[in-house]
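Remarks on the overall topology
In case you want the letters, here they are:
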Amino acid sequence: MADPLPPFPTQPEEVPWPTQEWARGPLPAGLDRAAFDRAIRALTDLGPEDGVTRAVLVVHRGQLVFEHYGPETDRTSTLQSWSMAKSMLHALVGLLVGRGAIDLDAPAPVPEWQGAEDPRAAIRWRDLLRMRPGLAFAEDYVDSGVSDV
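For the structure given in this document, a descriptive report is provided here. (Residues numbered from 1 in each chain as written. Predicted model: local features only at pLDDT ≥ 70, side-chain atom pairs only at ≥ 80, totals over all residues. Heavy atoms only, no water.)

When you line up the elements, His-90 lands in helix α2 (residues 83-98). Residues His-90 and Arg-130, spaced 40 residues apart in sequence, show a C-alpha to C-alpha distance of 9.8 Å. Only 2.9 Å separates the side chain of His-90 from the backbone oxygen of Leu-129, close enough to count as a polar contact. (Helix = DSSP H or I, 4+ residues; strand = E, 2+ residues; numbered from the N terminus. Polar contact = N/O pair within 3.5 Å; in protein donor to acceptor, adjacent residues only side chain to side chain.)

Have a look at this one:
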(Lines give C-alpha, C1' and ligand atoms only; values in the text may rest on other atoms or scores of the structure.)
Protein backbone atom coordinates (compact mmCIF):
# COMPACT_ATOMS: atom_id res chain seq x y z
CA MET A 1 0.00 0.00 0.00
CA ALA A 2 1.36 3.41 -0.93
CA ASP A 3 1.91 5.76 1.96
CA PRO A 4 -0.33 8.79 1.38
CA LEU A 5 1.53 10.89 3.95
CA PRO A 6 4.84 12.58 3.28
CA PRO A 7 7.58 11.61 5.73
CA PHE A 8 8.33 13.90 8.63
CA PRO A 9 11.55 15.86 8.16
CA THR A 10 14.54 14.36 9.88
CA GLN A 11 15.82 15.85 13.12
CA PRO A 12 18.67 18.25 12.30
CA GLU A 13 21.97 16.78 13.52
CA GLU A 14 22.86 19.97 15.40
CA VAL A 15 19.66 19.69 17.50
CA PRO A 16 20.13 17.10 20.26
CA TRP A 17 17.29 14.67 21.01
CA PRO A 18 16.08 13.60 23.45
CA THR A 19 16.90 16.28 25.98
CA GLN A 20 15.47 17.68 29.18
CA GLU A 21 14.69 20.98 27.43
CA TRP A 22 13.93 22.02 23.88
CA ALA A 23 16.70 23.72 21.99
CA ARG A 24 15.65 27.30 21.24
CA GLY A 25 15.61 28.98 17.89
CA PRO A 26 14.08 31.90 16.01
CA LEU A 27 10.67 32.00 14.40
CA PRO A 28 10.94 30.92 10.75
CA ALA A 29 12.05 33.58 8.29
CA GLY A 30 9.24 34.92 6.15
CA LEU A 31 6.57 34.28 8.79
CA ASP A 32 3.70 36.75 8.63
CA ARG A 33 4.13 37.88 12.22
CA ALA A 34 0.90 39.91 12.28
CA ALA A 35 -1.15 36.90 11.16
CA PHE A 36 0.72 34.67 13.61
CA ASP A 37 0.01 37.06 16.51
CA ARG A 38 -3.69 37.21 15.51
CA ALA A 39 -3.86 33.41 15.57
CA ILE A 40 -2.26 33.28 19.02
CA ARG A 41 -4.67 35.91 20.33
CA ALA A 42 -7.61 33.97 18.84
CA LEU A 43 -6.53 30.97 20.92
CA THR A 44 -5.72 32.78 24.13
CA ASP A 45 -8.56 35.33 24.16
CA LEU A 46 -11.40 32.78 24.11
CA GLY A 47 -13.98 33.06 26.84
CA PRO A 48 -14.40 30.15 29.28
CA GLU A 49 -17.50 29.00 27.37
CA ASP A 50 -15.28 28.27 24.35
CA GLY A 51 -12.41 26.65 26.20
CA VAL A 52 -9.26 27.83 27.90
CA THR A 53 -5.80 27.93 26.35
CA ARG A 54 -3.19 28.19 29.07
CA ALA A 55 -0.08 27.84 26.91
CA VAL A 56 0.96 27.87 23.28
CA LEU A 57 4.33 26.46 22.27
CA VAL A 58 5.57 26.17 18.71
CA VAL A 59 8.36 23.75 17.81
CA HIS A 60 9.90 24.15 14.36
CA ARG A 61 12.62 21.83 13.08
CA GLY A 62 13.32 20.53 16.56
CA GLN A 63 13.64 23.94 18.19
CA LEU A 64 11.25 25.84 20.43
CA VAL A 65 10.64 29.03 18.46
CA PHE A 66 7.71 30.55 20.37
CA GLU A 67 6.06 30.26 23.76
CA HIS A 68 3.19 32.16 25.31
CA TYR A 69 1.56 31.54 28.68
CA GLY A 70 -1.79 32.64 30.03
CA PRO A 71 -2.53 33.99 33.50
CA GLU A 72 -1.12 31.96 36.39
CA THR A 73 0.79 29.71 33.98
CA ASP A 74 4.48 29.58 33.14
CA ARG A 75 7.03 27.14 31.75
CA THR A 76 7.13 25.25 35.06
CA SER A 77 3.36 24.65 35.21
CA THR A 78 2.01 21.14 34.86
CA LEU A 79 -1.02 21.16 32.57
CA GLN A 80 -3.64 18.44 32.18
CA SER A 81 -4.16 17.34 28.60
CA TRP A 82 -7.30 15.29 29.23
CA SER A 83 -8.76 13.89 26.01
CA MET A 84 -6.52 15.95 23.72
CA ALA A 85 -3.69 13.53 24.36
CA LYS A 86 -5.96 10.58 23.58
CA SER A 87 -6.92 12.10 20.24
CA MET A 88 -3.32 12.69 19.26
CA LEU A 89 -2.28 9.22 20.42
CA HIS A 90 -5.08 7.54 18.49
CA ALA A 91 -4.16 9.42 15.32
CA LEU A 92 -0.54 8.29 15.60
CA VAL A 93 -1.50 4.70 16.40
CA GLY A 94 -3.86 4.76 13.41
CA LEU A 95 -0.95 5.72 11.15
CA LEU A 96 1.13 2.85 12.57
CA VAL A 97 -1.74 0.38 12.15
CA GLY A 98 -2.16 1.55 8.54
CA ARG A 99 1.54 0.87 7.94
CA GLY A 100 1.29 -2.59 9.50
CA ALA A 101 3.60 -1.67 12.40
CA ILE A 102 0.99 -2.40 15.11
CA ASP A 103 -1.54 -5.22 15.35
CA LEU A 104 -4.43 -3.99 17.48
CA ASP A 105 -5.13 -7.53 18.68
CA ALA A 106 -1.55 -8.18 19.82
CA PRO A 107 -0.73 -7.98 23.53
CA ALA A 108 0.34 -4.55 24.72
CA PRO A 109 4.16 -4.45 24.65
CA VAL A 110 4.66 -3.68 28.33
CA PRO A 111 7.49 -5.88 29.70
CA GLU A 112 6.28 -5.51 33.30
CA TRP A 113 2.97 -7.16 32.33
CA GLN A 114 4.39 -10.29 30.71
CA GLY A 115 4.78 -12.51 33.78
CA ALA A 116 3.16 -15.95 33.57
CA GLU A 117 0.74 -15.16 36.41
CA ASP A 118 0.10 -11.54 35.48
CA PRO A 119 -3.48 -11.07 34.14
CA ARG A 120 -2.37 -7.88 32.40
CA ALA A 121 -0.50 -10.01 29.84
CA ALA A 122 -3.86 -10.53 28.09
CA ILE A 123 -4.43 -6.79 27.58
CA ARG A 124 -4.28 -5.90 23.88
CA TRP A 125 -3.53 -2.63 22.11
CA ARG A 126 -7.24 -2.47 21.23
CA ASP A 127 -8.20 -2.72 24.92
CA LEU A 128 -5.88 0.12 25.90
CA LEU A 129 -7.06 2.38 23.09
CA ARG A 130 -10.68 1.83 24.12
CA MET A 131 -9.66 2.42 27.74
CA ARG A 132 -11.21 -0.93 28.63
CA PRO A 133 -8.32 -3.13 29.76
CA GLY A 134 -10.47 -5.02 32.26
CA LEU A 135 -8.69 -3.56 35.29
CA ALA A 136 -10.55 -2.08 38.25
CA PHE A 137 -10.41 1.71 38.09
CA ALA A 138 -12.43 4.36 39.89
CA GLU A 139 -12.53 7.66 38.01
CA ASP A 140 -13.83 10.08 40.60
CA TYR A 141 -12.51 13.63 40.58
CA VAL A 142 -14.15 14.60 43.86
CA ASP A 143 -13.61 11.82 46.43
CA SER A 144 -9.84 11.45 46.79
CA GLY A 145 -10.31 8.53 49.19
CA VAL A 146 -11.85 6.30 46.49
CA SER A 147 -10.44 7.58 43.23
CA ASP A 148 -7.61 6.08 41.16
CA VAL A 149 -7.24 9.44 39.39
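Still more to cover.
What follows deals with the side chain of Asp-127. Within the element layout of this structure, Asp-127 appears in helix α3 (residues 125-129). Asp-127 gets classed as buried once you look at its relative accessible area, which sits at 14%. If near-sequence neighbours (up to four positions away) are discounted, Asp-127 is found in contact with Ala-122, Arg-132 and Pro-133. (Buried < 20%, exposed > 50% of the residue type's maximum accessible area, 1.4 Å probe, protein only. Contact = heavy atoms within 4.5 Å.)

Considering all chains together, one arrives at seven salt bridges under this definition. Put simply, Arg-120 and Asp-118 hold a salt bridge, and the shortest N to O gap is 2.8 Å. Linked through salt bridges whose partners overlap, the residues forming this network are Asp-105, Arg-124, Arg-126 and Asp-127. (Salt bridge = Lys/Arg side-chain N within 4 Å of Asp/Glu carboxyl O.)

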